[in-house]
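Listed below, chain by chain, are the residues.
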2 protein chains.
Amino acid sequence: MKKIEVRISGLGGQGVVAAGQILGRAAVYDGKNVVQTQSYGAEARGSAAKSEVIISNDKIGFPAVRKSDVLAAISQEALDKYLKDLKEEGVLIVDSTYVKKIPETRAKTYKIPATEEAERMFGAKIYANMLILGALTKTIGISVKATEKAIEDTLGKKVADINKEAFRKGRSLS
Amino acid sequence: MKKIEVRISGLGGQGVVAAGQILGRAAVYDGKNVVQTQSYGAEARGSAAKSEVIISNDKIGFPAVRKSDVLAAISQEALDKYLKDLKEEGVLIVDSTYVKKIPETRAKTYKIPATEEAERMFGAKIYANMLILGALTKTIGISVKATEKAIEDTLGKKVADINKEAFRKGRSLS
């Protein structure tokens with residue numbers, strides 16, 4: 001891995017920012033350099049949310065993602081907005097619960113029914129982002145150990161187990 | 001306030017990332033749009049750490065800070081590195097416990113003995129970042145109410161009170 005640029009996008013309240021923070025932290029635990037950015041507005045809940053993570057073995061010069069290597073889209077709107085900024089040979093991960101129309105693309109595509117699975121497993125949509133995180137870390141090559149430590153350190157021990165279970169499910173589905 | 005670009009810099013372990021996250025969140029609670037970025041490396045503890053926050057009433061186009069309006073420097077090294085990227089009429093906030101040599105500058109300068117005060121008040125350096133946060137939010141015009149809510153939501157209720165006390169001390173010293 002030289003440098004990987006990741007964009008995670010969805011709606012406010014879908015855990016996009018938390019997923020990016022945990023991914024960034026896990027990559028640091030795996031010995032990488034990381035720049036992690038989140039954008040949010042006053043009306044974040046329900047409106048668009050975006051988190052970007054640049055992961056590199058070397059120092060990171062330009063700190064903003066332009067064309068991403070990996071795009072995770074948790075809403076149809078997010079896919080429609082950011083697919084054009086995914087590199088041609090990139091990797092696309094979608095939550096197929098919400099993303100139904102995927103334009104023709106050369107990107108390697110993973111359809112994860114993250115929200116459905118989260119509801120089925122835990123009775124709560126809020127763990128869908130952990131399933132997406134599982135698919136993301138597997139694609140990028142971030143270790144399970146580093147990610148589970150990052151989940152604990154970011155979300156706290158109390159809720160770590162359920163989130164780790166959702167994360168591992170996401171890995172198994174991708 | 002049209003758009004304010006803030007850079008917080010210091011050493012890993014000084015709470016630079018947490019300060020940026022709380023500032024970003026507080027600004028959102030105050031109705032602003034925010035892009036918040038953190039950079040860290042594998043050896044974050046002890047090496048350089050940096051957090052950037054762009055706060056705007058409008059949508060934020062370019063997501064990276066170039067020349068900042070405000071610079072908070074918690075280490076001498078951080079000041080030496082980033083002072084040249086502070087706008088001429090900007091605001092400089094330093095932790096005067098660590099930053100002893102300030103080159104001549106036209107920036108409005110606040111010297112906050114943040115680490116000394118944190119040790120005196122709580123017997124622990126780790127609250128120094130909250131004193132810096134106090135000075136930052138006062139300078140930028142982010143409300144006490146929004147910041148205290150952001151402290152609670154970011155750090156958790158258990159440790160909120162002591163952090164809020166440190167934060168208010170930082171406001172009173174600036």
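Predicted model, so just to flag it, every value in this text is computed and none were measured.

Novice: What is the right way to look at the overall build of chain A in this model?
Specialist: A tally of helices and strands in chain A yields 6 helices and 6 strands. Helices (α) and strands (β) of chain A occur, in sequence order from the N terminus, as β-α-β-β-β-α-β-β-α-α-α-α. Principal axes of the C-alpha set define a box for chain A whose edges measure 40 × 35 × 35 Å. Within chain A, the proportion of its 174 residues that are buried is 51%. Within chain A, residue pairs in contact and separated by at least 24 positions form 61% of the contacts whose partners lie at least 6 positions apart.

Novice: Can you help me understand the interface of chain A and chain B in this one?
Specialist: How big an interface is tends to be stated in terms of accessible area lost as the parts join. Listed as interface residues are 17 residues of chain A and, on the opposing side, 17 residues of chain B. Taken together, the residues of the side of chain A that touches chain B sort by class into 9 nonpolar, 7 polar and 1 charged. Across 7 bridges, strand β2 (residues 33–40) of chain A lies against strand β2 (residues 33–40) of chain B in antiparallel orientation. Considered in β2 of chain B, the bridge of Tyr-40 of chain A is made with Val-34 of chain B.

Novice: Is there a simple way to think about the packing of helix α1 (residues 16–29) of chain B against helix α4 (residues 128–140) of chain B in this case?
Specialist: Residue and element names in this part refer to chain B. Taken N-terminus to C-terminus, the directions of α1 and α4 make an angle of 35 degrees; their axes are 10 Å apart at the nearest point. Seen along the crossing, α1 lies across α4 with a hand that is right-handed. Residues Val-16, Ala-18, Ala-19, Ile-22, Leu-23 and Ala-26 of α1 form the contact with α4, whose participating residues are Asn-129, Ile-132, Leu-133, Leu-136 and Thr-137.

Novice: How should the packing of helix α5 (residues 144–155) of chain A against helix α6 (residues 160–172) of chain A be read in this particular structure?
Specialist: A packed helix pair is summarised by two numbers, namely the angle formed by the two axes and the spacing between the axes. Residues and elements named next belong to chain A. One way to put it is that α5 packs onto α6 with a least axis distance of 9 Å and a crossing angle of 140 degrees. Once α5 is placed against α6, the crossing between them reads as right-handed. From α5, Thr-147, Glu-148, Ile-151, Glu-152 and Leu-155 reach across to α6, where they touch Ala-160, Asn-163, Lys-164 and Phe-167. Broken down by class, the residue content of the contact of α5 with α6 amounts to 4 nonpolar, 2 polar and 3 charged.

Novice: Quick question: what am I supposed to make of the sheet that holds strand β6 (residues 108–112) of chain B here?
Specialist: Within a beta sheet, neighbouring strands are joined by backbone hydrogen bonds and run either parallel or antiparallel to one another. One open sheet accounts for 12 strands, arranged β6(A)-β5(A)-β4(A)-β1(A)-β3(A)-β2(A)-β2(B)-β3(B)-β1(B)-β4(B)-β5(B)-β6(B); its pairing is mixed. At either margin of the open sheet sits one strand with a lone partner, and together these are β6 (108–112) of chain A together with β6 of chain B. Sheet twist, expressed as the average angle between the axes of neighbouring strands with direction ignored, equals 15 degrees.

Novice: What is the right way to look at the relation of the copies chain A and chain B in this model?
Specialist: Each of the two copies of the chain can be brought onto the other by a rotation about an axis and a shift along it. Turning chain A through 180 degrees and shifting it by 0.0 Å along the axis lays it on chain B, with an RMSD of 0.0 Å. Overall, the copies show the geometry of a two-fold rotation axis. Taking the C-alpha atom as reference, chain A places Thr-37 of chain A closest to the rotation axis, 2.1 Å from it. Comparing interface residues between copies, 100% of those in chain A also sit at the interface in chain B, which points to an isologous, same-surface contact.

Novice: Would you explain the pairing of strand β5 (residues 86–95) of chain B in this entry?
Specialist: Consecutive residues of a regular strand have side chains that alternate between opposite faces of the sheet. All names here are of chain B. Most of β5 sits out of view: 7 of its 10 residues are buried. The pairing of strand β4 (residues 68–73) with β5 spans 5 bridges and is parallel. Considered in β5, the bridge of Ala-72 is made with Ile-93. The handedness of the β4 to β5 crossover, carried by helix α2 (residues 76–82), is right-handed. In this structure, β5 lies alongside β6, joined through 5 bridges in parallel fashion. Residue Asp-95 lies in a different strand from β6, and its bridge partner there is Ile-112.

Novice: What is the right way to look at the confidence of the model for chain A in this model?
Specialist: Where the model shows low pLDDT, its predicted coordinates should not be examined in detail. Confidence in the prediction of chain A, expressed as mean pLDDT, is 92, and 96% of residues score 70 or more. For this predicted complex, the interface confidence comes out at an ipTM of 0.75, alongside a pTM of 0.85.

Novice: In this structure, what is going on with the nonpolar core? I would like to understand it.
Specialist: Generally speaking, a soluble globular protein has its nonpolar side chains buried in company with each other. Among the nonpolar cores identified, the biggest contains 104 residues, and Leu-131, Ile-132 and Leu-136 of chain A together with Leu-131, Ile-132 and Leu-136 of chain B are the most heavily contacted of them. Once residues lying within four places of it in the same chain are set aside, the contact partners of Leu-136 of chain A are Val-6, Leu-23, Val-70, Ala-72 and Ile-93 of chain A.

Novice: For this particular structure, what's the right way to read helix α3 (residues 114–122) of chain A?
Specialist: An α-helix turns once per 3.6 residues; consequently, residues spaced three or four apart project the same way. Residues and elements named next belong to chain A. Restricting attention to buried positions, one finds in α3 the residues Ala-114, Thr-115, Glu-117 and Ala-118. The buried residues of α3 occupy an angular sector of 160 degrees when projected down its axis, which confines them to one face. Against β5 (86–95), β6, α4 (128–140) and α6 lie the buried residues of α3. Following α3 by one or two positions, Gly-123 adopts a phi angle in the positive range, close to 70 degrees.

Novice: Please explain the environment of Thr-97 of chain B as it appears in this structure.
Specialist: Residues and elements named next belong to chain B. Positionally, Thr-97 belongs in the loop between β5 and β6. Residues Thr-97 and Ser-75, 22 residues apart in the sequence, show an inter-C-alpha distance of 8.6 Å. With residues up to four places along the chain from it excluded, the contact list for Thr-97 reads Pro-113, Ala-114, Thr-115 and Glu-116.

Criteria and thresholds
Residues numbered from 1 in each chain as written. Chains lettered and ligands numbered in written order. Predicted model: local features only at pLDDT ≥ 70, side-chain atom pairs only at ≥ 80, totals over all residues. Helix = DSSP H or I, 4+ residues; strand = E, 2+ residues; numbered from the N terminus. Buried ≥ 20, exposed ≤ 12 C-beta atoms within 10 Å, placed from the backbone. Contact = placed C-beta atoms within 7 Å. Nonpolar A, V, L, I, M, F, W, Y, C, P; charged D, E, K, R; others polar. Pairing = 2+ DSSP bridges. Axes fitted to C-alpha atoms, helices over the stretch in contact; angles between N-to-C directions. Left-handed = near helix turned anticlockwise from the far one by under 90°. Least-squares fit on C-alpha atoms with pLDDT ≥ 70 in both. Right-handed = clockwise from strand over helix to strand, strands pointing away. pLDDT = per-residue confidence, 0-100. Core = buried A, V, L, I, M, F, W, Y, C linked by C-beta atoms within 7 Å. Arc of directions from axis to C-beta.

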